[in-house]
Amino acid sequence: MLRMLWIDLGEERFWEEEIKEEVVRRFIGGKGFAAKLLYEHLREGVDPFSPENILIFAAGPLTGTVAPSSGRVCASSKSPLTGTIFESHCGGYLGYELRKAGYMAVAIRGRAEDRVCLRISEDGVEFESASQLWGLGTRETEQRIKRRRGWERSRVAAIGVAGENLVRFAAIIHDGHRAFGRGGLGAVMGSKNLKAIAVKGSKSIELAHPREFKRKARECYRKLASHPTTGKTLKLYGTPNVLAKVNYIGLLPTRNFSEGVFEGADSISAESIARYITSSYGCYSCAIRCGKVVEVGGVSTTSLEYETLYALGSNVGVAELSWVVKFNELCNNQGMDTISAGATIAAYLEKCSRYGDAAWGDGEKILALLEDIAHRRGEGKALAEGSARALPEYSISIKSLELPGYDPRGAKGVALAYATSNRGACHLRAPVYIEEILTQSVDRRKSEGKAKLVKEMQDFHAALDSLILCKFTARALAAQDYAELLSFATGIEFTREELLLAGERIFNLERMFNLREGFSKQDDTLPRKLLTQPIPSGPSQGMVAELGILEEYYSLRGWSSEGVPTREKLRELGLG
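Just so you know, these numbers come straight off a predicted model, no measurement behind them.

A.B. asks: I tried to follow the packing of helix α13 (residues 338-354) against helix α14 (residues 363-375) on my own but got confused; where do I start?
C.D. replies: Helix-helix packing: each pair is described by the crossing angle between the helix axes and the interaxial distance. It is at 11 Å that the axes of α13 and α14 come closest, and there the two elements cross at 120°. At the point where α13 passes α14, the crossing takes the right-handed sense. Contacts from Ala341, Ile345, Tyr348 and Leu349 in α13 reach Lys365, Ile366, Leu369, Leu370 and Ile373 in α14. Of the residues in the contact of α13 with α14, the class split is 8 nonpolar, no polar and 1 charged.

Written as structure tokens, this is what we have:
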């Protein structure tokens, strides 16, 4: 039997609920289950910083099992940055520990009267004062929580100073470096006076058909090991492996998307970083081990990802790896999303350059700005609101979420995926960038077939994010593999088509949440700069973004020309 835990911070009480089989059949878990809870329990127009908002940590039916790369968990809430429904995913061991404590999800509501830390185990919840933890970085917070006898091996998710100060892109940090990064969910924790949660468990995770499940899991491991990306490239270099390729075709965002080729790309590429890698690591049950520990100039960092190299490297004009390492460490410890932090600073630097005060590439200035943002002081006070609120003229964002590191002007499918993502600009809800930019299996310059590709990817990844398995596994595994794993784990028969239908149901439910919050077709767009200013030079010179296939996409989804799911589509999906 699958269970979830409800926690009311204001009343300091908790209770359990059973998760019905029908809910698993329709929404699976993870992202899908969280979307259902938020749609049903949040009223229209709720302030993300109010006690009424709900913060959910949700694992999936495959989390913590022997399925490959099954350590992921998602955090979900209404975002203070975007105002949309939002979920952000994190690897590591938190999801595994949550399942071992006996829960597939924890939903937290209310606001604690005093600063608090939650200790969650199979015995229930302890509410512990966090007054001595307030003001500490995420790493020291975790270390202190683990000093308590019996909790040395617990798993912790904490906020830093940025979350305490309600920075709208504050992150929740697990293991000192793994981030629920995007959307400001760390600020939601801060608004609830919740500094951290610690989880420990000792229960076994039951499988409906353990023998068949383990056989299928072994088959999936073999597929991942034999695939060139999951079996070799990610093992050697991690996510920075894509930087040189993106720069080569002229789509590496540079100086706030003013250019597509960065002259300093070699200095922050995977090949350069490889000289400084001291070790590799992976999440629970990881088949890939893409994580790298990097030490440059006496400063060591973990989770130095491609998106950080773009956002706090090329997009702010920084070509010195040592600076990017320092930026990454600061964001991890203070608890900030590196993409939104870097993109907001890039917008600020572009504004400064317009007035003759260019600071592109100034590491000292950028480091100081990051500190000021986390503490909401000086220039950082306004920037802590995110680029769309602080610098709307210069912001490169969609639904107030800053863009990831693939310029959509040179990839038609990427442009549509960004514009229609339910959480705002996102490359992971439909990773078309893989086909268009990395493998180039489809022509990035053409629109034909892209509406269908984006729609299908969104549905598939909504299901994958509900299981939950690492997205990298999708490089080698197919929907049929996931359907079989889910069937053997739960005892509920899922065909490939039923899995994808669940993904479509989840995507549409998120769309309905956003429509209820006042979002519309006008929000399914791209930044004006990308629609009007061509890439000035390089292999993608002259390309601009366009969304001529938006209505085709709506039609394929069964939505009206205004982007609203029709009654027929909702009935088809069982959403009423």
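A.B. asks: Would you mind showing me how to read a positive patch on the surface here?
C.D. replies: Residues Lys214, Arg215, Arg218 and Arg222 make up a contiguous surface patch of positive charge. If you trace the backbone, Arg222 turns up in helix α7 (residues 210-226). Arg222 gets classed as exposed once you look at its relative accessible area, which sits at 54%.

A.B. asks: Can you help me understand the pairing of strand β15 (residues 299-302) in this one?
C.D. replies: The two faces of a sheet get side chains in turn, since along a regular strand they alternate between them. Taken together, the 4 bridges between strand β14 (residues 291-296) and β15 define a ladder with antiparallel strand orientation. Its bridge partner lying in β15, Val294 is registered against Thr301. Adjacent in sequence and paired antiparallel, β14 and β15 are bridged by 2 residues, among which Gly297 carries a positive phi angle near 60°.

A.B. asks: What's the story with the packing of aromatic side chains in this structure? I'm lost.
C.D. replies: To describe a pair of aromatic rings, you give the distance between the ring centres and the angle between the ring planes. Overall, the coordinates contain 14 aromatic pairs when judged by the stated rule. Measuring from ring centre to ring centre gives 6.0 Å for Tyr93 and Tyr284, while their planes differ by 75°; the resulting arrangement is edge-to-face. Taken together, the residues Tyr93 in the loop between β5 (85-90) and α3 (94-100) and Tyr284 in the loop between β13 (277-281) and β14 connect sequence positions 191 residues apart. Among the residues examined, Tyr93 registers a relative accessible area of 24% and is labelled partly exposed. Residue class for Tyr284 comes out buried when judged on its relative accessible area of 15%.

A.B. asks: What's the story with the sheet that holds strand β12 (residues 194-199) in this structure? I'm lost.
C.D. replies: Here 6 strands make up an open sheet; going across it, the order is β8-β7-β12-β9-β10-β11 and the pairing mixed. Every other strand in the sheet has two partners, leaving β8 (124-129) and β11 (178-180) as the edge strands with one partner each. In this sheet, neighbouring strand axes are inclined to one another by 20° on average, regardless of whether the strands run parallel or antiparallel. Relative to β11, strand β10 (residues 172-174) is paired through 3 bridges, and the arrangement is antiparallel. Bridging from a neighbouring strand, Ile173 pairs with Ala179 of β11.

A.B. asks: Any chance you could explain the pattern of salt bridges here in plain terms?
C.D. replies: A pair can form between side chains of opposite charge whenever their charged atoms are brought close. Within the structure shown, the criterion is met by 51 salt bridges. Note that Asp8 is salt-bridged to Arg109, the shortest N-O span being 3.1 Å. Remark: Arg109 occurs in strand β6 (residues 105-109) and Asp8 occurs in strand β1 (residues 3-8); sequence separation between them is 101 residues. Here Arg109 falls in the partly exposed class, since its relative accessible area comes to 28%. For the salt bridge of Glu87 with Lys31, the shortest nitrogen-to-oxygen distance reads 2.7 Å. Within this pair, whereas Glu87 is found in strand β5, its partner Lys31 is found in helix α2 (residues 30-41), the two being separated by 56 residues in sequence. In this structure, Glu87 and Lys31 share a single accessibility class: buried. One network of salt bridges, in which partners are shared, links Lys31, Glu87, Arg429, Asp465, Lys471 and Glu510.

How each quantity is defined
- Residues numbered from 1 in each chain as written.
- Predicted model: local features only at pLDDT ≥ 70, side-chain atom pairs only at ≥ 80, totals over all residues.
- Heavy atoms only, no water.
- Axes fitted to C-alpha atoms, helices over the stretch in contact; angles between N-to-C directions.
- Helix = DSSP H or I, 4+ residues; strand = E, 2+ residues; numbered from the N terminus.
- Left-handed = near helix turned anticlockwise from the far one by under 90°.
- Contact = heavy atoms within 4.5 Å.
- Nonpolar A, V, L, I, M, F, W, Y, C, P; charged D, E, K, R; others polar.
- Patch = residues over 30% accessible without salt bridge, like charges linked within 9 Å, V, L, I, M, F, W, Y side chains within 5 Å.
- Areas by Shrake-Rupley, 256 points an atom, 1.4 Å probe, with all protein chains shown as cover.
- Salt bridge = Lys/Arg side-chain N within 4 Å of Asp/Glu carboxyl O.
- Lys, Arg positive; Asp, Glu negative; His and termini not counted.
- Charge placed at Lys NZ, Arg CZ, Asp CG, Glu CD.
- Buried < 20%, exposed > 50% of the residue type's maximum accessible area, 1.4 Å probe, protein only.
- Pairing = 2+ DSSP bridges.
- Phe/Tyr/Trp six-rings, centres within 6.5 Å; stacked < 30°, edge-to-face > 60°.

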